[in-house]
Amino acid sequence: MPRTISLTVASAFLLIIAFPQIEWWPLAWVALVPFLIAIEGKSYKVFFVVSYLLGFLFFSGTLGWFVYVTYPGAFVLIAYLSLYVAVFGLAIRFFKNSSIFLRVLVLPCCWVVLEYIRSHALSGFGWALLGSSQCKNTLLIQIADVTGVYGVSFLVVMVNVLIAGTINNTSKASIIRAQVLVFALLFASFVYGFFSIWKAPSWPKTLVAVVQPNIPQEVKWEQSLQPSIVGQTAEITMGLKDVHPDLIVWPETSLPGIITEVPYLLGAIKLTAVKVHAPLLMGAITDEQGNYFNSAYLINENGKMAGRYDKIHLVPFGEFLPLRPILGWINRFVPLEDFTAGTNYTILRTAAGHRFGVLICFEDTVSYLRRQFTKAGAQFFVNMTNDAWFKDTKAPFIHLQAAIFGCIENKRSLIRAANTGFSGMIDPFGRILASVSDEKHKNTFVPGRAVAEIPLVSTITFYTKYGDVFTLGCFFAILWAVLRPKKENL
């Protein structure tokens, strides 16, 4: 058992450093191998416990920054997410007598289906998906415009299962067939990525800008500091006066208050848009007859209100209390008023008439929102967020990874404005075009602005049109593998 534990710890360590901030992403292709070797031949109970340990260590190392919001909440989140890895362990045990060829096919399917469920169940949490670790593997990840990020997770798990099966001396004939399959899929994925980029049309472009004010979370909602917060953001924006961008983006709740209660601050923001002569997108809270919305407001170059988007996908326990009739007792300890969710996929327009969809906070990690905005006509995305809650940790970069895949899945550029970072622009292939940084190339907890030309795309990808059919295919593959006659014919 000590050997089993040590190998599992090794796998967790390799997985953690494959993600930000170390981000040695090639390690993800072998990270599960020690764990898969360690649990070979064990009972269902051991499989469950050891797999749960792997999940708990991995999520502690990648999502531990959640403690800056709430210690109990961080523990509950990590404990809950670890269950998905534990169920994957049970799947490994169930198929332990199958050929390596079958396991190379079905175990990645199990991982994908579990990632999909955790990305959607209980409001969803699609951060730190295994495929997200490959966001810098530019050629390979272009398959996401067909399979979503889950297709990349599938390939990573497939390679891990093949390596572990080869080390465990499975039958030679089955290994050769499995190796041919894995090589063929990897080769096809790289070729697809190469031609996706090489054959990309010459899309029109537009010049955009993003502002990162770097306001500490502990002072952001101090009422007496509201004028200086808005003033600081406006001062950075004034540096764009001679740039003439088609759109300037400020972070989420960059006006830190209810918009109708601070007309003098709104007036100052409108004046800023007029001075730089460019449309300005900023965030604020809207109060409509006691209904509160987390909103994005577009102010045109003449200082007039040109549109508004209300956040659709709210954060549980942050913007609303789920199951309030059951969990209402929590309000005795932590007062929590519910925000109201928006209902419209509002498309806004830049000064030149280019169409974009706004994703507030972690909405840029939610696949169905990105797809719906694309279908509604968005030529690019804007994400305004405030990752200052998590201090100067790996959180903004884990968040960024998920956002990058949203670009690839829908082949849309993304402008990202974060209060404390990461802020910048990403192209439809997931490549960073520009970012806010200091002289040491630090992207977080530094003030600044960034300017870049982004491609404008109007075509619809397979993933945008059909969604997660790849994941559905994985589900049916699992069903077939479970129900098929128990013969070792693969």
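It should be emphasised that the depicted structure is a prediction, and the values quoted were computed from it without experimental measurement.

Thresholds, definitions, all that
Residues numbered from 1 in each chain as written. Predicted model: local features only at pLDDT ≥ 70, side-chain atom pairs only at ≥ 80, totals over all residues. Heavy atoms only, no water. Core = buried A, V, L, I, M, F, W, Y, C linked by side-chain atoms within 4.5 Å. Buried < 20%, exposed > 50% of the residue type's maximum accessible area, 1.4 Å probe, protein only. Contact = heavy atoms within 4.5 Å. Patch = residues over 30% accessible without salt bridge, like charges linked within 9 Å, V, L, I, M, F, W, Y side chains within 5 Å. Areas by Shrake-Rupley, 256 points an atom, 1.4 Å probe, with all protein chains shown as cover. Salt bridge = Lys/Arg side-chain N within 4 Å of Asp/Glu carboxyl O. Helix = DSSP H or I, 4+ residues; strand = E, 2+ residues; numbered from the N terminus. 1 Å grid on protein atoms, 1.4 Å probe; cavity = no way out; pocket = protein on both sides within 12 Å on 5 of 7 lines; lining within 4 Å. Points joined across faces, edges and corners; volume = space filled by probe spheres on them. Phe/Tyr/Trp six-rings, centres within 6.5 Å; stacked < 30°, edge-to-face > 60°. Axes fitted to C-alpha atoms, helices over the stretch in contact; angles between N-to-C directions. Nonpolar A, V, L, I, M, F, W, Y, C, P; charged D, E, K, R; others polar. Disulfide = S-S within 2.5 Å. Expected span 1.5 Å × (residues − 1). Arc of directions from axis to C-beta. Pairing = 2+ DSSP bridges. Right-handed = clockwise from strand over helix to strand, strands pointing away.

Caption draft 1: Region of the structure containing the nonpolar core. Core analysis: the biggest nonpolar cluster contains 121 residues, and Leu 32, Leu 247, Leu 281, Phe 356, Val 358 and Ile 415 have the highest contact counts within it. Discounting chain neighbours no more than four positions away, the residues touching Leu 247 are Leu 207, Val 208, Ala 209, Pro 279, Leu 281, Leu 298, Thr 350, Phe 356, Phe 380, Val 382 and Ile 415. Within the second largest apolar cluster, 22 residues are counted, among which are Ile 236, Trp 250, Leu 255 and Ala 273.

Caption draft 2: Seen up close, a nonpolar patch on the surface. Residues Tyr 44, Phe 94, Leu 472, Phe 475, Phe 476, Leu 479, Val 482 and Leu 483 make up a contiguous nonpolar surface patch of roughly 770 Å² in combined accessible area. Here the nonpolar patch takes six residues from helix α16 (residues 469–483), the largest share from any one element. Looking at where Leu 483 falls in the secondary structure, it is placed in helix α16.

Caption draft 3: Broad picture of empty space enclosed by the protein. Evaluated as defined, the whole model comprises three cavities of 30 Å³ or more. Roughly 150 Å³ of volume is contained in the largest cavity. Phe 59, Val 85, Trp 111, Glu 115 and Arg 118 are the residues nearest the centre of the largest cavity, which is lined by 15 residues in total. For the lining of the largest cavity, the secondary structure elements donating two or more residues are α3 (44–63), α4 (71–94) and α5 (100–118).

Caption draft 4: Up close: the packing of aromatic side chains. Counting across every chain of the model gives 25 aromatic pairs. When the ring of Tyr 52 is compared with that of Phe 56, the centres are 6.4 Å apart and the planes differ by 25°; the resulting orientation is stacked. Of the two residues, Tyr 52 and Phe 56 are both situated in helix α3; the distance of four residues between them amounts to about one turn of the helix. Relative accessible area serves as the criterion here: at 23%, Tyr 52 is assigned to the partly exposed category. Residue Phe 56 is classed as partly exposed on the basis of its relative accessible area, which comes to 26%. For the pair Phe 154 and Phe 470, a centre-to-centre distance of 5.5 Å together with 85° between the ring planes defines the contact as edge-to-face. Here Phe 154 is found in helix α7 (residues 149–167), whereas its partner Phe 470 is found in helix α16, with 316 residues between them in sequence.

Caption draft 5: View of the packing of α5 against helix α8 (residues 172–198). Running from N to C, α5 and α8 cross one another at 35°; their axes reach a closest spacing of 7 Å. Only Ser 174, Ile 175, Arg 177, Ala 178, Leu 181 and Val 182 of α8 make contact with α5, whose side of the interface consists of Ile 100, Phe 101, Val 104 and Leu 105. For the contact of α5 with α8, the class distribution of residues is eight nonpolar, one polar and one charged.

Caption draft 6: The state of the cysteines, seen in detail. Per the stated rule, a full pass over the model turns up zero disulfides. No disulfide involves Cys 109; its nearest neighbouring cysteine sulfur is the one of Cys 474, lying 3.8 Å away. Take Cys 109: its relative accessible area is 6%, and that puts it in the buried class. Unpaired in this structure, Cys 110 has its nearest cysteine sulfur neighbour in Cys 109, at a distance of 7.0 Å. The class of Cys 110 is buried, set by a relative accessible area of 7%.

Caption draft 7: Local environment of helix α11 (residues 263–276). Taking 1.5 Å per residue, 14 residues should reach 20 Å; α11 reaches 20 Å between its end C-alpha atoms and fits that length. Among all positions in α11, only Leu 265, Leu 266, Ile 269, Thr 272, Ala 273 and Val 276 are buried. What you see down the axis of α11 is that its buried residues fit within an arc of 115°, all on one side. Residues of α11 that are buried in the fold lie against α10 (226–237), β2 (247–249), β3 (280–288), β4 (291–299) and β5 (305–310). Backbone geometry just after α11 places His 277 at a positive phi near 50°.

Caption draft 8: Quick look at the pattern of salt bridges. The tally for this structure, following the rule as stated, stands at 10 salt bridges. Here Arg 416 makes a salt bridge to Asp 364, at a shortest N to O gap of 3.5 Å. A residue pair is termed long-range when its members are at least 10 positions apart, and Arg 416 in strand β9 (residues 413–418) and Asp 364 in the loop between β7 (355–360) and α13 (367–375) qualify at 52 residues. A relative accessible area of 0% places Arg 416 in the buried class. Asp 392 is the salt-bridge partner of Lys 442, the closest N and O atoms lying 2.7 Å from each other. You can see Lys 442 sitting in the loop between β11 (432–435) and β12 (448–455) and its partner Asp 392 sitting in the loop between β8 (380–385) and α14 (395–410), a full 50 residues away along the chain. Among the residues examined, Lys 442 registers a relative accessible area of 31% and is labelled partly exposed. One continuous salt-bridge network, built from bridges that share partners, spans Glu 288, Arg 308 and Asp 310.

Caption draft 9: Structural detail: the pairing of β8. Counting buried residues along β8, six of its six residues qualify, which places the element largely inside the surrounding structure. Pairing analysis gives five bridges linking β7 to β8, with the strands arranged parallel. If you follow Val 358 over to β8, its bridge partner there is Val 382. Chirality of the crossover, the property in question, places the unit of β7, α13 and β8 among those that are right-handed. Inspection of the sheet shows β8 paired to β9 by six bridges, in the parallel sense. The residue bridging Met 384 from the neighbouring strand is Ala 417, located in β9. In this fold, the crossover linking β8 to β9 by way of α14 has right-handed handedness.

Caption draft 10: Broad picture of α13. For α13, the set of buried residues is Ser 367, Leu 369, Arg 370, Arg 371, Phe 373 and Thr 374. Residues of α13 that are buried make contact with β5, β6 (347–349), β7, β8, α14 and α15 (462–466). Where α13 ends, the next residue or the one after it, Gly 377, has phi of about 115°, a positive value.

Caption draft 11: Spatial organisation of the sheet that holds strand β10 (residues 424–426). The six strands are arranged β6-β7-β8-β9-β10-β11 in an open sheet whose pairing can be described as mixed. Edge positions in the sheet fall to β6 and β11, since each of these pairs with one other strand and no more. Shown here is a sheet whose adjacent strand axes are inclined to one another by a mean of 25°, direction ignored. Contacts from α13 reach β6, β7 and β8 within the one sheet, and its direction differs from that of β7 by about 160°. Those strands touched by α14 are β8, β9, β10 and β11, and its axis lies near 160° from that of β9.

The quantities given are spatial measurements derived from coordinates; they are silent on function.
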